[in-house]
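Each chain, letter by letter, is given below.
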Amino acid sequence: MTWWLVPLAVVVGLVMGALGGGGAIITVPVLVYLAGQSPSAAMVGSLIVVSVTATAGLVGHWRAGHVRAPEGVAFSALGALGAVGGSLLSMQMDGDVLMMLFAVLLLLVASLMAKKFLRPSRKEPRTPPHMVHLDPLRVDWPQVALVFAAATVVGLLTGFFGVGGGFAIVPALVMVLGFSMQHAVATSLLVIVLNSLVALATRLTAAVDVDWVLIGSFSALAAAGAIAGGRLGRRLPARTLGLGFAGLLAVTSLAILAQSLL
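Residues numbered from 1 in each chain as written. Predicted model: local features only at pLDDT ≥ 70, side-chain atom pairs only at ≥ 80, totals over all residues. Heavy atoms only, no water.

**Focus: the overall build of the chain**
So, step 1. Along its length, the chain carries ten helices and two strands.
So, step 2. The helix and strand sequence of the chain, counted from the amino end, reads α-α-α-α-α-β-β-α-α-α-α-α.
So, step 3. Per-residue burial for the chain yields a buried fraction of 45% across its 262 residues.
So, step 4. Pairs at least 24 residues apart make up 81% of the contacts formed inside the chain by residues separated by at least 6 positions.
So, step 5. Carbon and sulfur atoms provide 70% of the accessible area of the chain, an area that totals close to 13100 Å². (Helix = DSSP H or I, 4+ residues; strand = E, 2+ residues; numbered from the N terminus. Buried < 20%, exposed > 50% of the residue type's maximum accessible area, 1.4 Å probe, protein only. Contact = heavy atoms within 4.5 Å. Areas by Shrake-Rupley, 256 points an atom, 1.4 Å probe, with all protein chains shown as cover.)

**Remarks on the pattern of salt bridges**
So, step 1. Enumeration according to the criterion identifies one salt bridge in this entry.
So, step 2. Note that Glu71 is salt-bridged to Arg68, the shortest N-O span being 3.0 Å. Here Glu71 and Arg68 have matching classes, each one buried. (Salt bridge = Lys/Arg side-chain N within 4 Å of Asp/Glu carboxyl O.)

**What about the environment of Val32?**
So, step 1. Mapped onto the secondary structure, Val32 falls in helix α2 (residues 23-34).
So, step 2. Taking the C-alpha atoms as reference points, Val32 and Ala42, separated by ten residues in sequence, lie 6.1 Å from one another.
So, step 3. Ignoring anything within four residues of it in the chain, the contact list for Val32 reads Gln37, Ser38, Pro39 and Ala42.

**Observations concerning the side chain of His66**
So, step 1. With respect to the helices, strands and loops of the structure, His66 is situated in the loop between α3 (39-63) and α4 (69-90).
So, step 2. The buried category is assigned to His66, whose relative accessible area is 15%.
So, step 3. Excluding anything up to four places from it in sequence, His66 contacts His61, Gln182, His183, Ala186, Thr187 and Arg234.

**Observations regarding the packing of α3 against helix α9 (residues 212-235)**
So, step 1. Contact geometry for α3 and α9: axes closest at 8 Å, N-to-C directions at 30°. For the element pair α3 / α9, the angle class is roughly parallel. Here the hand of the crossing between α3 and α9 comes out right-handed. For the pair α3 and α9, the contacting residues are Gly45, Ile48, Val49, Val52, Thr53, Ala56, Gly57, Gly60 and His61 in the first and Trp212, Ile215, Phe218, Ser219, Ala222, Ala223, Ala226, Ile227, Gly230 and Arg234 in the second.
So, step 2. Grouping the amino acids of the contact of α3 with α9 by side-chain chemistry returns eleven nonpolar, seven polar and one charged. (Axes fitted to C-alpha atoms, helices over the stretch in contact; angles between N-to-C directions. Parallel < 35°, antiparallel > 145°, perpendicular 65-115°, else oblique. Left-handed = near helix turned anticlockwise from the far one by under 90°. Nonpolar A, V, L, I, M, F, W, Y, C, P; charged D, E, K, R; others polar.)

**Describing the packing of helix α1 (residues 5-19) against α3**
So, step 1. Two numbers describe how α1 lies on α3: the axes approach to 9 Å, and their chain directions differ by 45°. Between α1 and α3, the angle is such that the two are oblique. For the pair α1 and α3, the crossing hand works out as right-handed. Here Gly13, Met16 and Gly17 of α1 lie close against α3, whose contacting residues are Val50, Thr53, Ala54 and His61.

**Quick word on a nonpolar patch on the surface**
So, step 1. Together, Leu108, Leu112, Leu146, Met175 and Val176 make up an exposed nonpolar region whose accessible area comes to about 400 Å².
So, step 2. Topologically, Met175 is positioned in helix α7 (residues 166-175). (Patch = residues over 30% accessible without salt bridge, like charges linked within 9 Å, V, L, I, M, F, W, Y side chains within 5 Å.)

**Some words on the nonpolar core**
So, step 1. If you look at the biggest cluster of nonpolar residues, it comprises 49 residues, and the most contacted ones within it are Phe75, Met113, Phe167, Ile169, Leu173, Met181 and Leu249.
So, step 2. Counting residues per element, the ones that place at least two in this core are α1, α3, α4, α5 (95-118), α6 (141-161), α7, α8 (181-203) and α10 (238-261).
So, step 3. Those residues in contact with Phe75, other than ones at most four positions away along the chain, are Val147, Ala150, Ala151, Val154, Ile169, Ala172, Leu173, Leu177 and Val191.
So, step 4. Counting 16 residues, the second-largest nonpolar core is a separate cluster that includes Ala9, Leu31, Ile48 and Leu200. (Core = buried A, V, L, I, M, F, W, Y, C linked by side-chain atoms within 4.5 Å.)

Structure follows, in structure tokens:
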């Protein structure tokens, strides 16, 4: 592993740990264009990196009590169903058109996130209800309906555009379900871990030549970055995290648009 991949691996971890997503968007281009991996090997390697990194970042958030596990598990399960439909739809469209639509979607989500966190709120932030209350056992059906709708749409988008989903999970948790940024980041990491492990198990059934030294080193460095990013994210104001996530989406969108147009 060449030395200039070290800071990039740490950046991947920092972004995932602090913002709850964006790892796959960064990792795949790095492995393909800078590490010389084939696209198929890079996708498998990215899933390994993302699984390890998200798990490392998740531990600290879990200990801090920020993970909403029922919503995270439901998002993962329902999102997987939606992803099947999205994948079938995407097969009917041209790849260049898909990338342009993806870039436009990222810009739209970035603008909505920025608007939310730039506009001062005069109301006290409320804690959204839990899907399931254990003592006594009770189900909040309106919250279940919101989770069902949001997870299905996010799954459709991730299947349609063929990406990990962190770009849509955090905004959905914040803007649809009313999560704080800390809870959204933590729960998003849980969803990413579950989804990445399922996707990895599927892809490993095919013969793929994985550079385990490169991927192992990259994963270890990214995991260290995720731990640091998680600590940083838990100390930053929600407004800073929200605007940071919006900025990440906007930069990614502009990069895709530039690549598509050029």
